[in-house]
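# Summary of the model geometry
In case you want the letters, here they are:
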Amino acid sequence: MSIHISNISKSYKNVKALQDISFDVKAGELFGLIGPDGAGKTTLFRILTTLLIANEGTATVAGFNVVSDYKNIRNSVGYMPGKFSLYQDLTVEENLEFFATIFGTTIEENYELIKDIYVQIEPFKARRAGKLSGGMKQKLALCCALIHKPKVLFLDEPTTGVDPVSRKEFWDMLKRLQQKNITILVSTPYMDEAALCDRIALIQDGKILEIDTPEAIVKHYPKPIYNVSANNMYQLINSLNAYKHNHSVYPFGEFVHYTDNRTDFNPEDLKVYLESKNLSNINIDKTVATIEDTFMELAK
Amino acid sequence: MKRFIGFIKKEFYHIFRDRRSLFILFGMPIAQIMLFGFAITNEINNVDIAILDHSKDVTTEEIINKISASKYFSINQFIEKESDIETVFKKGKVKAVLNIEKDFSKNLIKEHKATIQIITDATDPNTANTISNYVNAILIQYQKELNKEITITYQTVPQTRMVYNPALKSVYMFVPGVMTIILMLVSAMMTSISITREKELGTMEILLVSPLKPFQVIVGKVFPYIFLSIINAVVIVLLSIFIFKMPVQGSLFLLALESILFIISALALGILISTISATQQTAMMISLMGLMLPVILLSGFIFPISSMPLPLQIISNIIPAKWFIIIIKGIMLKGVGIQFIWKETLILVAMTIFFIGLSVKKYKIRLE
Amino acid sequence: MKNNNVIQVEGLTKMFGDFTAVNAITFEVKKGEIFGFLGANGAGKTTAMKMLIGISNPTSGKANVAGFDVFTHAEDIKKSIGYMSQKFALYDDLTVKENITFFGGIYGLSRKRIKEKSAILIEELGLEKVANKLVGALPLGWKQKLSFSVSMIHDPKIVFLDEPTGGVDPITRRQFWEMIYKAANQGTTVFVTTHYMDEAEYCDRVSIMVNGKIEALDTPKQLKAKFEVDNMNDVFLKLARG
């Protein structure tokens, strides 16, 4: 077991940031903590990286207790905070060298581990970190977090504010790192990234909603779910919200995801109703739930 | 050790890449010394005065010549009647009016007593005071010359001798003060800002989650500034010796040691400030308000401590700068050795140890 | 205004030295449309938007926003648009009401109008209980919704949203989009920049910028069909990777 969290709670003044959190992350797993801003993801990361002490509960990382063995943890984990936290006035190479030195190693010693990532930013190694683009900053930050060959890697919202191309590249890198036996705990507010993890925990308001593989989580969605579309989105949403049998109505891109609270729901009834609301081009098709549907259902 | 050197290397990168701060760091001491040395001064020079001479005789003419010959005064105009006095003051250029009574020579010879009234513009009391002292001095001088001829018995003339700063140069008084301010500013403000910058940028989080010990982080942060502060101290001393011809009477070695002691106490204060402030802005405000103002106002640099109200005199004792100013004035101006300033030194040592202890204790190994 | 376009851009270009940040972009946005303006980091989105809202002068080209020319009438543009960004939204140390009053004030609303608007806004958003609380104490999602409403306080013709819903929880996010639909339905044009593709799916039409040029412009449905993929993310990946 690489990370073991049991009954962790943490409050600031009168805000309960985390309430009774328990879960385990297996060695070599890519585990995602999925939830919006303010859900408590960063607080949990800080507790696990020994930066904060929980009010209640215990946790171990790589076998070390986060309170009593904090020094050992600081030697064996890599941490990439949510905010870009490198020295903007140092060059790419200087940043990497600095982090290698303070962890008592050299770039050469662990070059193998970061090679894939570093070659992408190497052409800019003499550039100051502050002048890099968002995607490159993030790659540099990842290199710096990996330079001492950590057993466990903590990535707090690494893809926030990064464009889709860089995001995709980043997740590909994580997959490769996982092959090298590094346990990765990553957090993200973006539900579409959940599918890329081995297992995920959905978190909101300091509470875990569900923990499972992404496939199992969507499979457990309790109701049949329908894509509804019509000529006018706004009227469609309003009409569906006014429909007395609705269980949930959520816009999803060009469709609205609709669930009904009757067990014997017939889409034709809904179509008739929508037509009575002067909507046209109505389409109602069964679809599969996404992680986001599950999240909203659980958070309701 | 390698980690530590790596850390210090990084600090120097920060310092040398921040051109603006670097400029302030080295430009400020020079600018301040020049400012205090040349512009801000207690001496008076070429002050405009007006003369209302009711007698217009030989003696008054001689007196007027004496005054206008001195480099302190230049006679702006002669006025004819009492009512003009207010008019010239209102115009503002004239700072003093000499009102010489009627029949000055006659009175002087007949009654051995004649009166000159010195009217000064006291909107600036310091200058007014100085002007009247200088005029007095010239008159006394003239009187002495007269007395040689007339020989009057039992005349006492007070004689004042200025020691340690015979020319009464104000730069001698400012150099120790400026040096104190600069060392305080560079050491305390710069360290507190550089530590809080890491907090603000979030890099402190990564440093904490690394095997670096708190002690290494602190020493690594302050080390470059010890170095820079020493350079500044040297620059200030060189400037004062070579530009203002201010002699350093005492041992340079002792001066260096005392300066390093003061630098360390200021650095410890800087660390302390950084532990209580979350942003660079707060750190800067606290440094400026909490350190600079007391140094300027309560250390005896500008306002003599002995003329402060008692509560302020007591408060001044807890300001390290006060003791440092006493020490360096002693060394630079009086040329005293450690036997005369060991008490002050000991107080400074005690304060330094206290600040270091407190800041190490306050430094957090975790967030919040 | 001719042919119902509230934004009309032709060959708009911005150079910084010899670097072309925005390279002769041409597009138009209709009244009441929700227009998505996408692009990778550094593709030129922000620069283009700054020109449209009148805070940056184009190097060449033509642009007309809300009936005003960006070269000659930038000040008039500012009066007829609303702007909301995730970075700067509301003052955390002012209360909900104070924020509304302040922003109403800078857009020149009368005191009476501000009062009315403020009451409507607070009621619509269900903020009655927290109307006198500091904005800093509100949850992120509420802040974003309030911020959107405040950017519309002067009933602008166009509202520019700069990555409006990053990090917001999925339910609040949908409430936010419902507000956007409502605004669009009432005739306000909504111009959204984002690099989150699920947000793009909500737009009527989207344009995708790559290296300063608009490489694609169509409805999400058409774009997906054209690139033979089933979501906007893949459209983006195909385009941006060339």
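Residues numbered from 1 in each chain as written. Chains lettered and ligands numbered in written order. Predicted model: local features only at pLDDT ≥ 70, side-chain atom pairs only at ≥ 80, totals over all residues. Heavy atoms only, no water.

### Re the overall build of chain B
For chain B, the helix and strand inventory stands at 14 helices and 4 strands. Here chain B has a C-alpha radius of gyration of 28 Å; the compact-globule value for 368 residues is 21 Å, and the former is much larger. Looking at chain B as a whole, 47% of its 368 residues are labelled buried. Long-range contacts, defined here as pairs at least 24 residues apart, represent 77% of the contacts in chain B between residues at least 6 apart. In the form shown here, chain B has an accessible surface area of approximately 19300 Å², with 65% of it arising from carbon and sulfur atoms. The positive charge centre, built from 36 side chains, and the negative charge centre, built from 25, are 15 Å apart in chain B. (Helix = DSSP H or I, 4+ residues; strand = E, 2+ residues; numbered from the N terminus. Rg over C-alpha atoms; globule rule 2.2 N^0.38 Å. Buried < 20%, exposed > 50% of the residue type's maximum accessible area, 1.4 Å probe, protein only. Contact = heavy atoms within 4.5 Å. Areas by Shrake-Rupley, 256 points an atom, 1.4 Å probe, with all protein chains shown as cover. Lys, Arg positive; Asp, Glu negative; His and termini not counted. Charge placed at Lys NZ, Arg CZ, Asp CG, Glu CD.)

### Regarding the overall build of chain A
Looking only at helices and strands, chain A features 10 helices and 14 strands. Taking the principal axes of the C-alpha coordinates as reference, chain A spans close to 70 × 45 × 35 Å. Each of the 300 residues in chain A was classed as buried or not, and the buried ones make up 57%. Relative to all contacts within chain A whose residues are 6 or more apart in sequence, the contacts with residues 24 or more apart total 68%.

### A few points about the interface of chain A and chain C
Across the boundary between the two partners, chain A contributes 31 residues, which contact 27 residues of chain C. For the pair chain A and chain C, the summed buried surface comes to about 2700 Å²; carbon and sulfur atoms form 58% of the total. Its largest share of buried area at the contact with chain C, chain A owes to Pro164, Tyr234 and Glu254 of chain A, together 23% of the area lost on that side. Where chain A packs against chain C, one counts 2 salt bridges. In this structure, lysine 224 of chain C engages glutamate 254 of chain A in a salt bridge whose closest nitrogen and oxygen atoms are separated by 2.6 Å. (Buried area = accessible area lost by both parts, 1.4 Å probe. Salt bridge = Lys/Arg side-chain N within 4 Å of Asp/Glu carboxyl O.)

### Topic: the pairing of strand S13 (residues 255-260) of chain A
Residues and elements named next belong to chain A. Where burial is concerned, most of S13 is hidden: 5 out of the 6 residues are buried. Pairing of strand S11 (residues 225-229) with S13 involves 3 bridges; the strand directions are antiparallel. Note on S13: the bridge partner recorded for tyrosine 226 is tyrosine 258. Bridge analysis of strand S12 (residues 246-252) against S13 gives 6 bridges, and the strand direction is antiparallel. Residue pairing in the sheet places serine 248 in a bridge with threonine 259 of S13. (Pairing = 2+ DSSP bridges.)

### Examining helix H1 (residues 45-52) of chain C
Residues and elements named next belong to chain C. Along H1, 6 of the 8 residues are buried, which leaves the element largely enclosed by surrounding structure. Of all the residues in H1, the buried ones are Lys45, Thr47, Ala48, Met49, Met51 and Leu52. At the C-terminal side of H1, glycine 54 shows a positive phi close to 80 degrees.

### A short note on the domain arrangement of chain B
Domain boundaries assigned for chain B yield domain 1 (2-40 + 169-367) and domain 2 (47-146). Relative to domain 2 of chain B, the C-alpha centre of domain 1 of chain B lies at a distance of 48 Å. (Domains from an automatic or database assignment.)

### Side note on the packing of helix H3 (residues 92-102) of chain A against helix H5 (residues 134-146) of chain A
Residue and element names in this part refer to chain A. At a minimum axis separation of 8 Å, H3 and H5 run at an interaxial angle of 20 degrees. In terms of orientation, H3 lies roughly parallel with respect to H5. In terms of crossing hand, the pair formed by H3 and H5 is right-handed. Contacts from Val92, Asn95, Leu96 and Phe99 in H3 reach Leu140, Cys143 and Cys144 in H5. Tallied by class, the residues present in the contact of H3 with H5 amount to 6 nonpolar, 1 polar and no charged. (Axes fitted to C-alpha atoms, helices over the stretch in contact; angles between N-to-C directions. Parallel < 35°, antiparallel > 145°, perpendicular 65-115°, else oblique. Left-handed = near helix turned anticlockwise from the far one by under 90°. Nonpolar A, V, L, I, M, F, W, Y, C, P; charged D, E, K, R; others polar.)

### Comments concerning the packing of aromatic side chains
A full pass over the atoms with the stated rule returns 28 aromatic pairs over all chains. Between tyrosine 87 of chain A and phenylalanine 98 of chain A the ring centres are 5.5 Å apart and the planes differ by 80 degrees, which places this aromatic pair in the edge-to-face class. Highlighted residues: tyrosine 87 of chain A in the loop between strand S6 (77-80) and H3 and phenylalanine 98 of chain A in helix H3, separated in sequence by 11 residues. Residue tyrosine 87 of chain A shares its accessibility class with phenylalanine 98 of chain A, and that shared class is buried. Ring centres of phenylalanine 148 of chain C and phenylalanine 176 of chain C lie 5.4 Å apart, and the angle between their planes is 50 degrees; this geometry places the pair in the tilted category. You can see phenylalanine 148 of chain C sitting in helix H5 (residues 140-151) and its partner phenylalanine 176 of chain C sitting in helix H6 (residues 170-185), a full 28 residues away along the chain. Judged on exposure class, the residue phenylalanine 148 of chain C and its partner phenylalanine 176 of chain C are both buried. One aromatic cluster is present, built from ring pairs that chain together Tyr226, Tyr243, Tyr258, Phe265 and Tyr273 of chain A. (Phe/Tyr/Trp six-rings, centres within 6.5 Å; stacked < 30°, edge-to-face > 60°.)

### A look at the packing of helix H1 (residues 2-17) of chain B against helix H9 (residues 214-242) of chain B
All names here are of chain B. Here H1 crosses H9 at 50 degrees, and the two axes come no closer than 9 Å. One finds that H1 runs oblique with respect to H9. Pair H1 / H9 crosses with right-handed handedness. Listed contacts from H9 to Phe4, Phe7, Ile8, Lys10, Glu11, Phe12 and Ile15 of H1 are Gln216, Val217, Val219, Gly220, Lys221, Phe223, Pro224, Tyr225, Phe227 and Leu228.

### A word on the side chain of glutamate 193 of chain A
With respect to the element layout, glutamate 193 of chain A can be found in the loop between strand S8 (183-188) and strand S9 (199-204). What glutamate 193 of chain A contacts, discounting residues up to four positions off in sequence, is Thr159, Arg167, Trp171 and Thr188 of chain A.

### Topic: the arrangement of the chains
Among the 2 pairs of chains in contact, the pair with the most contacts is chains A and B. A gap remains between chain B and chain C, with no contact made and the closest C-alpha atoms lying 17 Å from each other.

### A closer look at the pattern of salt bridges
By the definition in use, this model includes 32 salt bridges over all chains. Put simply, aspartate 172 of chain A and lysine 168 of chain A hold a salt bridge, and the shortest N to O gap is 3.6 Å. Of this pair, aspartate 172 of chain A and lysine 168 of chain A both sit in helix H6 (residues 164-179), separated by 4 residues, roughly a single helical turn. By relative accessible area, aspartate 172 of chain A is classed as partly exposed at 32%. Residues participating in the shared-partner salt-bridge network are Lys112, Arg113, Glu116, Lys117 and Asp155 of chain C.

### A word on the sheet that holds strand S7 (residues 152-156) of chain A
Residues and elements named next belong to chain A. Across the sheet, 6 strands lie side by side as S6-S7-S8-S3-S9-S10; this open sheet has mixed pairing. Each of the sheet's edge strands pairs with one partner strand only, and the pair in question is S6 and strand S10 (207-212). In this sheet, neighbouring strand axes are inclined to one another by 15 degrees on average, regardless of whether the strands run parallel or antiparallel. Packing against the sheet, H5 makes contact with S6 and S7, and its axis sits at approximately 160 degrees to S6. Running over the sheet, helix H10 (residues 291-299) touches strand S3 (30-34), S9 and S10 and is turned about 40 degrees from S9.

### Side note on the interface of chain B and chain A
Reports of interface size often rely on the accessible area that becomes lost once the parts have come together. With 26 residues of chain B at the contact, the number on the chain A side is 34 residues. Here chain B packs against chain A, burying approximately 2800 Å² in sum over the two surfaces, 59% of which is carbon and sulfur. Area buried by chain B at its contact with chain A is led by Arg17, Val209 and Arg366 of chain B, which between them contribute 26% of it. On the surface where chain B and chain A come into contact, there are 2 salt bridges. Note that arginine 17 of chain B and glutamate 94 of chain A form a salt bridge whose closest N and O atoms lie 2.6 Å from each other. On inspection of chain B and its partner chain A, the count reaches 10 residue pairs in polar contact (both at pLDDT 80 or more). (Polar contact = N/O pair within 3.5 Å; in protein donor to acceptor, adjacent residues only side chain to side chain.)

### Looking at the domain arrangement of chain A
Residue and element names in this part refer to chain A. Partitioning chain A into structural domains gives domain 1 (3-219) and domain 2 (225-299). The straight-line distance from the C-alpha centre of domain 1 to that of domain 2 is 38 Å. Tallying the contact residues gives 14 residues for domain 1 and 8 residues for domain 2. Interface of domain 1 and domain 2: buried area, both sides summed, is about 880 Å²; carbon and sulfur atoms make up 81% of it. Contact with domain 2 buries area across many residues of domain 1, yet Met191, Leu209 and Val218 alone supply 56% of it, more than any other trio. For the pair domain 1 and domain 2, the number of links is 0 salt bridges. In this structure, the connection of domain 1 to domain 2 is made through 0 residue pairs in polar contact (both at pLDDT 80 or more). If you list the elements that add at least two residues to the side of domain 1 that touches domain 2, you get S9, S10 and helix H7 (214-219). Here the element with the most residues in the side of domain 1 that touches domain 2 is S9; it accounts for 4 residues.

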